Amino acid sequence: MKRLLILLLILTASYSLQAQTTKIWIVRHGEKSLEDPADKDPALSKAGEQRAVALAKYLKGKKMAALFSTDYKRTRATLAPLAAAQQLPLQRYKSTAYQALADTILHTYKGKNIVICGHSNRLLGIIAAFKATSTLKEITEDEYSHIFLIEIKEDRVKLKEGHYGKL
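Predicted model, so just to flag it, every value in this text is computed and none were measured.

Cut-offs used in this document
Residues numbered from 1 in each chain as written. Predicted model: local features only at pLDDT ≥ 70, side-chain atom pairs only at ≥ 80, totals over all residues. Heavy atoms only, no water. Pairing = 2+ DSSP bridges. Helix = DSSP H or I, 4+ residues; strand = E, 2+ residues; numbered from the N terminus. Salt bridge = Lys/Arg side-chain N within 4 Å of Asp/Glu carboxyl O. Buried < 20%, exposed > 50% of the residue type's maximum accessible area, 1.4 Å probe, protein only. Arc of directions from axis to C-beta. Contact = heavy atoms within 4.5 Å. Core = buried A, V, L, I, M, F, W, Y, C linked by side-chain atoms within 4.5 Å.

### So, the pairing of strand 6 (residues 156–163)
Looking at chain direction, strand 5 (residues 146–153) and strand 6 are connected through eight bridges and run antiparallel. Paired with Ile152 across the bridge in strand 6 is Val157. A loop of two residues connects strand 5 with strand 6, the two strands running antiparallel in sequence, and Glu154 in this loop sits at a positive phi of about 55°.

Put into structure tokens, the structure is as follows:
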């Protein structure tokens, strides 16, 4: 009887490890400064800085395992308040390498919470790399408030779409 109980505990623990939910929040960088239209790597505007703070507040209380950003000032700055609050470094990813990013997260951070900050023309590709489908067909240049949550448990992928900060 004791062996059966131990075996049941081992199987239950094994199943719970396998059945963990990976949660991935995906956001666009905050509003960018338009002071210099020729600047290919602008910083955040005041509104963008406020959005970055709003993101940290929105995710407050959720322990993150990693924060992913492209190598642009505006994506790094959008995650900066959250990185400071969580005491996490930013990890860089190539903005067009959707599948490589998804594979890294799914293999390295299974069962953990992750945030990805990207660009309007890349977010839907990132979502698709996780085998999820958004109701949106595009995210325009003036849309900054979208936040997507992908929950992956075993083979089930669920996408929730919402907004944060000022609309």
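Next, the rest of the story.
### Observations regarding the pattern of salt bridges
Per the counting criterion, the structure on display carries 10 salt bridges. Among the ionic pairs, Glu151 bridges to Lys23, the shortest N-O distance being 3.8 Å. Here the residue Glu151 occupies a position in strand 5, and Lys23 occupies one in strand 1 (residues 21–28), the gap between them amounting to 128 residues. Given a relative accessible area of 11%, Glu151 falls into the buried group. Accessibility expressed as a relative area gives 28% for Lys23, which makes it partly exposed. Residue Arg51 pairs with Glu31 through a salt bridge whose shortest N-O separation is 2.9 Å. Linking Arg51 in helix 2 (residues 46–58) with Glu31 in the loop between strand 1 and helix 2, this pair joins segments that are 20 residues apart in sequence. The exposure classification of Arg51 matches that of Glu31, with both residues buried.

### Brief notes about helix 4 (residues 98–108)
Taken together, the buried positions of helix 4 are occupied by Leu101, Ala102 and Ile105. End-on, the buried residues of helix 4 take up no more than an arc of 95°, which puts them together on one face. In helix 4, the exposed positions angled more than 90 degrees off the buried face are occupied by His107 and Thr108. On its buried face, helix 4 sits against strand 1, strand 2 (66–69), strand 4 (113–118) and helix 5 (123–129).

### Looking at unusual backbone geometry
Positioned with a positive phi, Gln87 is a non-glycine residue whose angle comes to about 55°. Looking at where Gln87 falls in the secondary structure, it is placed in the loop between helix 3 (73–86) and strand 3 (90–92). Gln87 sits in the exposed class, given a relative accessible area of 72%. In this structure, Glu154 is a non-glycine residue whose phi angle is positive, near 55°. In this structure, Glu154 sits in the loop between strand 5 and strand 6. For Glu154, a relative accessible area of 37% gives the class partly exposed.

### Observations regarding the nonpolar core
Of all hydrophobic cores here, the largest spans 22 residues; its most connected members are Ile24, Ile26, Phe68, Ile105, Ile116, Phe130 and Ile150. For this core, the secondary structure elements donating two or more residues are strand 1, strand 2, helix 4, strand 4, helix 5 and strand 5. Among the elements that take part in this core, helix 5 stands out by supplying four residues, more than any other. Ignoring sequence-local partners within four residues, the contact set of Ile26 consists of Ile116, Leu123, Ile126, Ile127, His146, Ile147, Phe148 and Ile150. Counting residues in each nonpolar core, the second largest holds 17 residues, with Leu59, Leu82, Val115 and Leu149 among its members.

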